[in-house]
Amino acid sequence: MSLQNDLTQKVIEAVKQLYQVDLPTVEFQPTRKDFEGDLTVVVFPMLRYIKGNPVQIGTQIGEYLQEHVEEVAKCNVVQGFLNIVIEERYYLNFFNSIKDEVDFGYVKTPSKGATMVEYSSPNTNKPLHLGHIRNNLLGYSVAEILKASGKKVYKAQIINDRGIHICKSMLAWQKFGEGETPESSGMKGDHLVGKYYVAFDKAYKEQIAKLVEDGTPKDKAEKEAPILLEAQEMLRKWEAGDAEVVSLWKMMNGWVYEGFDITYKNLGVDFDKLYYESDTYLLGRDVVKDGLERGVFFKKEDGSVWIDLTEDGLDEKIVLRSDGTAVYMTQDIGTAIQRVTDFPDINGMVYTVGNEQDYHFKVLFLILKKLGYSWAEKLYHLSYGMVDLPSGKMKSREGTVVDADDLIQNMEETAEAISKELGKLDGYSEEEKQKLYRTIGLGALKYYILKVDPKKRILFNPEESVDFQGNTGPFIQYTYARIQSILRKADDVSTAIEVTIQLHEKEKELLKQIQLFPETIQLAAENYSPALIANYTYDLVKEFNSFYQQVSILGETDGQKKNFRVQLSRKVGEVIQSAFRLLGIEVPERM
RNA sequence: GGCCUCGUAGUUCAAUGGAUAGAAUAGAAGUUUCCUAAACUUUAGAUGCAAGUUCGAUUCUUGCCGAGGCUACCA
């Protein structure tokens, strides 16, 4: 269907005719800008099948293509590269076929089965920070990309709402809080709870210091500090269902959820399904027992249950403690199975979790495979690098974190300052302006994070603000706003474009770039990589700005050409919007 | 120690084994009586080191150097 597929067939045909050889594949790449041509066939790989001079072979294939393929205008050969010039008519026909398509590039008929994308997965003892922002943006964006590539997607979040960490906040609040609430303090709920998490740590450290001073060894002091023992006691009470502890737990978690909701709303992310660890932490034990009977696991003398993964190059891994209680792995096994029970059409899952857990997920996926679940083949750990500060790792307990809410607000303020300086917003109401600052500020932040390959770690320097110029979100948003400005002034009539008009070099480049959008979405989906979408959009926009600078759109006197340029601009705008939607970034009408 | 990631211009990022390694930013120099100058144009600057495989290596293999992570009957 696509030209490239068509040409592949023709090249194979040509080689068969010319050399009586069957070629398995043909390698194409876009022609480099320094050479004449649109598509390039790499001749070198063919030398394995055809003996001879690459230049000569390329020339002969080129001649064959010119004769037998309508769209091929001419060819030239440089070294082992056969550059093909495509007829302009082809590009204009292509444009006519897609120019009025809504959501061009998205696959609209979902394939069978669904993918669950898990992301965010916060602990409920502290507010979200920059690391969570990366997680949220990646997870949300990958979910949107998968949808656009034709998959049904469930977005899920597992909330780590139980455990020693939340007991620490609860205990500190009980001891030092004096009944403080989000209402009484005016603090966002998650920040308030986080404050007591820090307070716990402070008290804990003081107690350790005191114990050490009195002659207790440090490691012993760390285990025996009274406040830690109290927190552990509180966890035991929680597990036993102690009414008082449970109601405190509910109240404080409630505060945190209210806070999270605001942050999620500001970030523009959402979920189809929430899982709470307090509901799922007991899952998995039955599966382990069953697996034990089937010989997938084995029992050690002390009664603990393990799996031997040494044949797969990994270690032995515990899946059930000697007292029969679950470990993290047990829970994750159970939760995975629970999800498929909840959504039977799931045939794949994506876990958005930092790369520090690479090993854990490798083991988890392997165990699920060994247990024989068909969907275990299609599990993917969307592993991303940490966000580090110049001073090192962020640590909530020590307060060296870039808080998510602060950062978002900061970005908005920067956007506001720049906008005011440029002063282009006459006629906008204060409300419209505020909305715009948010769009731009978040656009800068989201693009900054998503354009980077997920697996690389990001070094974030809070001293140097995120850029608003160059390869940035606002740069792309600006281009979109400019296009909208043109469209407001033009009478865009969506008539068919004459395929005989002469294309400007920049127009042809733009058409080529637009044509790449559908395959870019597929590629991004296959690689779980929003960065590919970001880079694609940047290339498109850069090309458009160059076009905008060199070619007059509204000033064009030839009506046919003007009509084409207006419609081309509109389409570029639509692709920008579609691409940015996949990144969770909004586009403004003006800026 | 073992295992896993990552090392590309001063800085932040690109490059299905392909042509002269692309951008942005910071630096230098230009473009506004004309559709939004958050733009455009020009300029200088980089593959950690050493072997190997290949017609061809930033990409694959091995070793070394450097950064980070995992290696809990914690989650």
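The structure this text deals with has already been given above.
As the structure is a prediction and not an experimental result, all values here were calculated from the model.

The rules behind the values
Residues numbered from 1 in each chain as written. Chains lettered and ligands numbered in written order. Predicted model: local features only at pLDDT ≥ 70, side-chain atom pairs only at ≥ 80, totals over all residues. Heavy atoms only, no water. Helix = DSSP H or I, 4+ residues; strand = E, 2+ residues; numbered from the N terminus. Buried < 20%, exposed > 50% of the residue type's maximum accessible area, 1.4 Å probe, protein only. Contact = heavy atoms within 4.5 Å. Pairing = 2+ DSSP bridges. Phe/Tyr/Trp six-rings, centres within 6.5 Å; stacked < 30°, edge-to-face > 60°. Lys NZ or Arg CZ within 6 Å of the ring centre and 35° of its normal. Axes fitted to C-alpha atoms, helices over the stretch in contact; angles between N-to-C directions. Parallel < 35°, antiparallel > 145°, perpendicular 65-115°, else oblique. Left-handed = near helix turned anticlockwise from the far one by under 90°. Nonpolar A, V, L, I, M, F, W, Y, C, P; charged D, E, K, R; others polar.

The next thing to look at is the overall build of chain A. For chain A, the helix and strand inventory stands at 21 helices and 14 strands. Oriented by its inertia axes, the alpha-carbon framework of chain A measures out at about 90 × 65 × 45 Å. Each of the 591 residues in chain A was classed as buried or not, and the buried ones make up 52%. Counting contacts in chain A only where the partners sit at least 6 residues apart, residues at least 24 apart contribute 74% of the total.

With that out of the way, let us pick up the pairing of strand β3 (residues 72–78). As paired elements, β3 and strand β4 (residues 81–86) share six bridges and run antiparallel to each other. Within β4, the residue paired with K74 across the bridge is V85. Counting the residues in the hairpin turn of β3 and β4 gives two residues, including Q79, whose phi is positive at 50 degrees.

One open sheet accounts for three strands, arranged β8-β9-β10; its pairing is antiparallel. Strands with a single pairing partner mark the edges of an open sheet, and in this sheet they are β8 (298–299) and β10 (316–320). Bridge count for β8 against strand β9 (residues 305–308) is two bridges, and the pairing is antiparallel. Bridging across to β9, F298 finds its partner in W306.

For the coordinates displayed, the defined rule picks out 25 aromatic pairs. Taking 4.2 Å as the distance between ring centres and 35 degrees as the angle between the ring planes, the aromatic pair formed by Y154 and F343 counts as tilted. With Y154 in strand β6 (residues 152–159) and F343 in the loop between α13 (328–342) and β11 (346–354), the pair connects residues that are 189 residues apart, well separated along the chain. The exposure class assigned to Y154 is buried, which follows from its relative accessible area of 12%. Take F343: its relative accessible area is 16%, and that puts it in the buried class. Both rings, one in Y373 and one in W375, keep their centres 5.0 Å apart while their planes meet at 25 degrees; by these two values the pair is stacked. With relative accessibility at 8%, the residue W375 sits in the buried group. Within the aromatic cluster, the residues linked to one another by ring pairs are F94, F104, F517 and Y536. Above the face of the Y281 ring, R162 is positioned so that its terminal group lies 4.0 Å from the ring centre. Just above the ring of Y275 sits the side chain of K273; from NZ or CZ to the centre is 5.2 Å.

With that out of the way, let us pick up the packing of helix α18 (residues 505–515) against helix α20 (residues 530–550). As a packed pair, α18 and α20 sit with axes 9 Å apart at the nearest point and diverge in direction by 160 degrees. On the basis of the axis angle, α18 is roughly antiparallel to α20. Pair α18 / α20 crosses with left-handed handedness. Contact residues: α18 offers K506, E507, E509, L510, Q513 and I514, while α20 offers Y536, D539, L540, E543, F544, S546, F547 and Q550. Of the residues in the contact of α18 with α20, the class split is six nonpolar, three polar and five charged.

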